[in-house]
Amino acid sequence: LQWGNSLSLSSSLFYYDYRDKQVFGAVEDILFTTLSRLVNVPRSHAYGADVQARVAFPGGWRADLSAAWLKTRIDDYVGYDDFGVLRAFRGGTFSYAPELDLRATLGRTFPLAPGLQGDLAVTWRHAGRSWADMLRNPVFRLDGHDQIDLSLALQLARPDMVVRLNVENLTDQYRWTNAYTSNDSLIRYAARPRHWSLSLVRNW
């Protein structure tokens, strides 16, 4: 839907019915107990909804909003879990698939000088909790998190040149992005801390 130049809105409902969907799973190994490998899940499905909106305000301000809700389910699969136990995965969920994902960006384009334009944007993201396995074992849980990113772009006198400063994870939040077993150890990976980047971009 489109209302003039001030508001646009799009949304969708979706349902996926999978046959032999390939996912990262575990296979038995005599030395390491299990090894990660692509496995075929005979039957699984996913459904949900998403919506995106852009609002333009007076003074050059804009807001981009999006939300997604997702449900996944394993309908038929027998295989090894991360501890080498043969299990029926029926009723499990897809790995790394949070049920809720939200994003909001507030930005503004403004003139700085003749031939020089700036663009400032602040983005907030929220991802719900997910699991690094398909059985939702608590040791593989990845907690939900919020993240704030900042972006400042300067359009140079040449229309094809942009200097961009990005700050990811502005609040330096600590969280995990992955968890898996290795021999008798549980290993978790931490997300990147506050990260600054400066780039010069030329559009060809």
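Conventions and cut-offs
Residues numbered from 1 in each chain as written. Predicted model: local features only at pLDDT ≥ 70, side-chain atom pairs only at ≥ 80, totals over all residues. Heavy atoms only, no water. Helix = DSSP H or I, 4+ residues; strand = E, 2+ residues; numbered from the N terminus. Rg over C-alpha atoms; globule rule 2.2 N^0.38 Å. Buried < 20%, exposed > 50% of the residue type's maximum accessible area, 1.4 Å probe, protein only. Contact = heavy atoms within 4.5 Å. Areas by Shrake-Rupley, 256 points an atom, 1.4 Å probe, with all protein chains shown as cover. Lys, Arg positive; Asp, Glu negative; His and termini not counted. Charge placed at Lys NZ, Arg CZ, Asp CG, Glu CD. Polar contact = N/O pair within 3.5 Å; in protein donor to acceptor, adjacent residues only side chain to side chain. Salt bridge = Lys/Arg side-chain N within 4 Å of Asp/Glu carboxyl O. Patch = residues over 30% accessible without salt bridge, like charges linked within 9 Å, V, L, I, M, F, W, Y side chains within 5 Å.

Q: I'm lost on the overall build of the chain in this one. Help?
A: Looking only at helices and strands, one finds 0 helices and 15 strands in the chain. In terms of overall size, the chain is more extended than a compact globule, its C-alpha atoms giving a radius of gyration of 22 Å where 204 residues would be expected to give roughly 17 Å. When burial is assessed residue by residue, the chain has 27% of its 204 residues classed as buried. Residue pairs at least 24 apart in sequence account for 55% of intrachain contacts in the chain once pairs closer than 6 positions are excluded. Counting every atom, the chain has about 13,000 Å² of accessible surface; 58% of that belongs to carbon and sulfur. Charged side chains of the chain number 23 positive and 21 negative; the gap between the two group centres comes to 6 Å.

Q: Could you clarify how one ought to interpret the side chain of Ser-151 in this entry?
A: Take Ser-151: it is sitting in strand S11 (residues 145-155). On the basis of relative accessible area, Ser-151 is assigned to the buried category, the value being 14%. At 3.3 Å, the side chain of Ser-151 and the side chain of Arg-164 are in polar contact. Apart from the residues lying within four places of it in its own chain, the contact partners of Ser-151 are Asp-119, Leu-120, Ala-121, Arg-164, Leu-165 and Asn-166.

Q: Quick question: what am I supposed to make of the environment of Arg-87 here?
A: Its location among the elements puts Arg-87 in strand S6 (residues 86-88). The spacing of Arg-87 and Tyr-77 is 10 residues in sequence and 8.5 Å in space, taken between C-alpha atoms. When neighbours within four sequence positions are excluded, Arg-87 is seen to be in contact with Tyr-77, Val-78, Gly-79, Asp-81 and Leu-135.

Q: Looking at this structure, how should I read the pattern of salt bridges?
A: Side chains that differ in charge, positive against negative, can pair when their charged atoms come close. Scanning all chains against the criterion turns up 10 salt bridges. Residue Asp-17 is joined to Arg-19 by a salt bridge in which the shortest nitrogen-to-oxygen separation is 2.9 Å. In this structure Asp-17 comes out as partly exposed when scored by relative accessible area, which is 42%. Arg-19 sits in the partly exposed class, given a relative accessible area of 48%. Here Arg-141 and Asp-143 are joined by a salt bridge, their closest N and O atoms 3.0 Å apart. One salt-bridge network, held together by shared partners, links Lys-71, Glu-99 and Arg-136.

Q: Can you walk me through a nonpolar patch on the surface in this structure?
A: Judged by side-chain polarity, Leu-120, Leu-152, Leu-165, Trp-196 and Leu-198 come together as a nonpolar surface patch covering roughly 480 Å² of accessible area. On the secondary structure map, Leu-120 appears in strand S8 (residues 116-127). Classification of Leu-120 by relative accessible area gives partly exposed; the value is 34%.

Q: Would you mind going over the environment of Asp-160 with me for this structure?
A: With respect to the secondary-structure elements, Asp-160 resides in the loop between S11 and strand S12 (161-168). Spatially, the C-alpha atoms of Asp-160 and Trp-204 are 7.1 Å apart, while their sequence positions differ by 44 residues.

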